[in-house]
Amino acid sequence: MSKGCNVVNSFLQHVSSESDNTKSESFSEEKDMGFVREVGCLSIIVLGASGDLAKKKTFPALFHLFAQGFLQENDVHIFGYARTKLTDDDLRARIRGYLQKGVSAEQEDVLSRFLLLIKYVSGSYDSADGFQLLNKAISEHEISKKSHPGNSRRLFYLALPPSVYPSVCRMIRQNCMNPSDLGGWTRIVVEKPFGKDLNSAEDLSAQLGELFTEEQLYRIDHYLGKELVQNLLVLRFANRLFLPLWNRDNIANIQIVFREDFGTEGRGGYFDEYGIIRDIIQNHLLQVFCLVAMEKPISLKPEHVRDEKVKVLQSVLPIKHEEVILGQYEGYKDDPTVSDSSNAPTFATVVLRIHNERWEGVPFILKAGKALNSRKAEIRVQFKDVPGDIFKCQKQGRNEFVIRLQPSEAMYMKLTLKKPGLEMSTIQSELDLSYGLRYQEVKIPEAYERLILDTNYILTTALFNPMFDSIRGDQQHFVRRDELKVAWEIFTPLLHSIDDGELKPIPYKPGSRGPEEADELLAKAGYVQTHGYVWIPPTLT
């Protein structure tokens, strides 16, 4: 476990400790680190509690945090809110099946105790009546915990479609706000998609911005919570090895890839409205792109990191249509919820180019697709050829540094080595760090777990300023409004061309690599494919 993780875990243990001595010692450490103790009770409100996202992602993430001790039983209460008429026990029964996966017999008691923390309130998303009932339930919990008015914490998680964000946020603002004059707070977590293009995203941002400050809004992109995505800054800026290599002098091209081996599977109607670029590339892959390409921030303070992400996005040149390949798998339109005339791509390869000193001339290839021949997400950094190839081994392939984000999290460096034996011949092999093998005793958290935790505990970081003496949230792993705007500026012209039918997807067979034209575009961009080498994740046997 990293030193940073140990620091956070130590702090969380201090918060939950009942020992006066431990509390005294921890307070000194917290002051040194900039942490401020938050003593008010915590209410987590899941809006859209009866929906798929809440059942499959939000509640399981909360349960795992509870099971690991990051959410304390005597401190937190969870409220579900939706239009469906349910009792507390109805909601608990609905989500129990999703929480029981992987739960051992010994953890059944933990699961039962977690479910008892959940209370359900039914109401509409645009009427004050339901939200007043919700506020009453939250206030009763806070009073029962003897939490003083103004120091309680309220986290609203919107597991809802973006179309209802404005009305829901308006109802929260008018009916459910926590007075924050005594150190308490109200925070709003919203899920992607944040609009469909620049205008719709700016309109949504403006509506939410009228109700909440940027410090209260947390635009969640769960890719920023993935273990190896969070490792990118450490990898790049804490290792001398990479500092002189990470530039146009040594790197030929960089691929950021997302592949799924299944189709839309019941999401056809939703997916057809957005397509693969809006669904995956403009948000998830572009966030990874920022961390790969950005300059070193002056510190790890959230705003410094996000400033550098915005700068690199502002350096991206307009996308050329000749550097885009779209695809749509055969059978996609068989889904009754998909239009027969759909132009939505289920596959896309897009080349981004950065106009700055570090990356001029290096293509960044963002590729995503459904119904392909494999499932994986990875970053593939391909280095330039070795000048003066005395071993005549260039045909075997270039050096590559690969970060496998999922599944089988790993980092490996593909190298050319001498083949064992008497002859002086070469072979491609690797230096491998596979997380499942190296960190067998460590449970890698789900992205949603980490990000929910960020909004609660890690967000107690205090940036002490004698002028304001304010407590601010650590929003490093969330998307800032200006960052969102620049991201849409990059992709909106391309998306409008697709929406208007100027660019058409090429049919491809399910279970294939996608359109052959995509491999041709990669070759034109300078990617040299290695033949005869396959990375095999190591096993314990």
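As the structure is a computational prediction, the values presented were derived from the model and not from experiment.

> Mind laying out the packing of helix α11 (residues 268–293) against helix α15 (residues 481–499), listing which residues take part and the relevant values?
Put simply, α11 and α15 touch, their axes get as near as 11 Å, and they point 150° apart. Relative to α15, α11 is oriented so that their crossing is right-handed. Side by side, α11 and α15 meet where I277, R278, I281, Q282, L286 and Q287 of the first sit next to E483, A487, W488, F491, L494, L495, I498 and D499 of the second.

> Outline the nonpolar core, supporting the account with residue identities and numerical values.
Core analysis: the largest hydrophobic core is formed by 143 residues, its most contacted members being F59, L158, F289, L352, F364 and F491. Ranked by residues supplied to this core, first place goes to α11 with 13 residues. Once residues within four sequence positions are removed from consideration, L158 is found in contact with L47, Y165, V168, C169, I172, I188, V189, V190 and E191.

> Which residues make up the confidence of the model for the protein chain, and what are the values?
Per-residue pLDDT for the protein chain has a mean of 81; in total, 82% of the residues score no lower than 70. Element-level pLDDT for the protein chain is lowest in helix α1 (residues 3–16), with a mean of 37, against a maximum mean of 98 in strand β9 (residues 347–353).

> Could you give me a rundown of a nonpolar patch on the surface, with the residues and numbers involved?
On the surface, I390, F391 and M424 cluster together to form a nonpolar patch covering roughly 390 Å² of accessible area. Looking at where M424 falls in the secondary structure, it is placed in the loop between β13 (410–418) and β14 (426–434). Taking the relative accessible area as the measure of exposure, M424 reaches 62% and is therefore exposed.

> Please set out the side chain of E191 residue by residue, giving values where relevant.
Inspection of the secondary structure puts E191 in strand β5 (residues 185–191). For the buried E191, no salt bridge exists, and the shortest N-O distance to an oppositely charged side chain is 6.9 Å, to K192. Looking at E191, its side chain comes within polar contact range of the side chain of Y157, at 2.6 Å.

> Give me the lowdown on the pattern of salt bridges, citing residues and values where you can.
Oppositely charged side chains are able to pair whenever their charged atoms sit close together. The final tally for this structure, using the stated rule, is 29 salt bridges. R113 is paired through a salt bridge with D109; the nearest N and O atoms lie 3.2 Å apart. Here R113 pairs with D109, and both are found in helix α5 (residues 108–115), just 4 residues apart, close to one helical turn. Here D109 falls in the partly exposed class, since its relative accessible area comes to 48%. One connected set of salt bridges, linked through shared partners, spans K376, E378, R380, E400, R404 and K414.

> Give me the lowdown on the sheet that holds strand β10 (residues 363–369), citing residues and values where you can.
Here 9 strands make up an open sheet; going across it, the order is β14-β13-β12-β11-β7-β10-β9-β8-β16 and the pairing mixed. Since the sheet does not close on itself, it has two edges, and those belong to β14 and β16 (506–508), each with one partner. Taken pair by pair, the neighbouring strands of this sheet meet at an average axis angle of 20°, ignoring direction. Where strand β8 (residues 324–329) lies against β9, 4 bridges are found, and the strand directions are antiparallel. Looking at β9, one finds that I325 is bridged to T349. Its contacts with the sheet put α11 on β7 (251–259), β8, β9, β10, β11 (376–383) and β12 (400–406), and the angle it makes with β10 is roughly 145°. Set on the sheet, α15 makes contact with β8 and β9; between it and β9 the angle comes to about 140°.

Parameters and conventions
- Counting of residues starts from 1 at the beginning of each chain's written sequence and follows it residue by residue.
- Reporting in this predicted model follows two pLDDT cut-offs: at least 70 for local features of residues, and 80 or more for side-chain atom pairs to be given and counted; totals over whole chains, interfaces and linings ignore these cut-offs and use all residues.
- No hydrogens and no water enter the side-chain calculation; it runs on all heavy atoms of the structure.
- Here an axis means a line fitted to C-alpha atoms, over the contact stretch when the element is a helix, while the angle between two N-to-C directions is reported on a 0 to 180 degree scale.
- Runs of E in the DSSP output that reach at least two residues are strands. Runs of H or I that reach at least four are helices, and both are numbered from the N terminus.
- Should the near helix be turned anticlockwise from the far one by less than a right angle, the crossing is termed left-handed; should it be turned clockwise, right-handed.
- Note on contacts: a residue pair is in contact if any heavy atoms of the two residues lie within 4.5 Å.
- Buried Ala, Val, Leu, Ile, Met, Phe, Trp, Tyr and Cys residues that are joined via side-chain atoms within 4.5 Å together make up what is termed a nonpolar core.
- The cut-offs for exposure are 20% and 50% of the maximum accessible area for each residue type, with area from a 1.4 Å probe on protein chains only; residues under the lower value are buried, those over the upper are exposed, and the others partly exposed.
- Confidence of the prediction at every residue is given by pLDDT, a number between 0 and 100.
- For patch building, the residue pool is restricted to those with more than 30% relative accessible area and no salt bridge; the joining distance is 9 Å between like charges and 5 Å between nonpolar side chains (Val, Leu, Ile, Met, Phe, Trp, Tyr).
- Note on areas: these come from Shrake-Rupley sampling with a 1.4 Å probe, and a residue is covered only by the protein chains present in the view.
- Each reported salt bridge corresponds to a side-chain nitrogen of Lys or Arg within 4 Å of a carboxyl oxygen of Asp or Glu.
- Charge counting follows a simple rule: Lys and Arg are positive, Asp and Glu are negative, and His as well as the terminal groups are ignored.
- Residues adjacent in sequence count toward polar contacts only when both atoms are side-chain atoms; beyond that, a polar contact is any pair of N or O atoms within 3.5 Å, and within protein one must be able to donate a hydrogen and the other to accept it.
- We call two strands paired when DSSP finds no fewer than two bridges between them.

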